[in-house]
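Structural overview for review
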Amino acid sequence: MRKLLMVMVVALMASIGFTASAQAAPVPMPFGFAYGNSTATGTINFTDGYTASVSGVVHAASGRRKVCATGFNGDVVSDTASCSPWAYAGGPNQPWSGSLRIPRPGGVVEVYILMYDENNTMLAGVVCTRSGCSRLQI
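What this report covers is the structure whose coordinates are included nearby. In this text the structure is predicted, and so the values were computed from the model without any measurement.

Brief notes about the sheet that holds strand S3 (residues 51–59)
One open sheet holds the 4 strands; their spatial order is S1-S2-S3-S8, and the pairing between them is antiparallel. Bordering the open sheet on either side are strand S1 (27–35) and strand S8 (94–101), each of which pairs with just one other strand. Adjacent strand axes in the sheet meet at a mean angle of 15 degrees when their direction is disregarded. As paired elements, S3 and S8 share 8 bridges and run antiparallel to each other. Across the sheet, Gly 56 pairs through a bridge with Trp 96, a residue of S8.

Here it is, written out as structure tokens:
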């Protein structure tokens, strides 16, 4: 009986350790979307803590374009938003990166990435979780 109990305890500890290490790995989520021929592509790295890092590239086919990323956990919004520099039509693509943080259990669980024009009008966007990204209806 004692041996069986010890085997069960060891098995339980191993399964808990396996689960904890599986959750500890950052989860990279690629994203990409377009508004006409203007595009935004990149990756969100959801961490095991309170943060998510975002990096990407913005391309403007006309006018000026920028993208901003904001993290959410329910009704709580990340401390800061991460915005790209302006990309100009005919100019180079603009790389950008930033970090989003929510000091709450679960940390950042959703990231909204929105594209704006030179008048700060929202043009297009996606919402991403650890499971995938969906296009927003704007």
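What about the side chain of Ser 82?
Relative to the helices and strands, Ser 82 is located in strand S6 (residues 82–83). Side-chain polar atoms of Ser 82 contact the side chain of Trp 96, separated by 3.0 Å. In this structure Ser 82 touches Val 67, Cys 68, Ala 69, Trp 96, Ser 97, Gly 98 and Leu 100, once residues within four positions along its chain are discounted.

Some thoughts on the environment of Ala 89
Within the secondary structure layout, Ala 89 lies in the loop between strand S7 (87–88) and S8. Taking the C-alpha atoms as reference points, Ala 89 and Ala 61, 28 residues apart in sequence, are found 4.9 Å from one another. Filtering out sequence-adjacent residues up to four positions away, Ala 89 remains in contact with Ala 60, Ala 61, Ser 62 and Gly 63.

Cut-offs and rules
Residues numbered from 1 in each chain as written. Predicted model: local features only at pLDDT ≥ 70, side-chain atom pairs only at ≥ 80, totals over all residues. Heavy atoms only, no water. Pairing = 2+ DSSP bridges. Helix = DSSP H or I, 4+ residues; strand = E, 2+ residues; numbered from the N terminus. Axes fitted to C-alpha atoms, helices over the stretch in contact; angles between N-to-C directions. Polar contact = N/O pair within 3.5 Å; in protein donor to acceptor, adjacent residues only side chain to side chain. Contact = heavy atoms within 4.5 Å.

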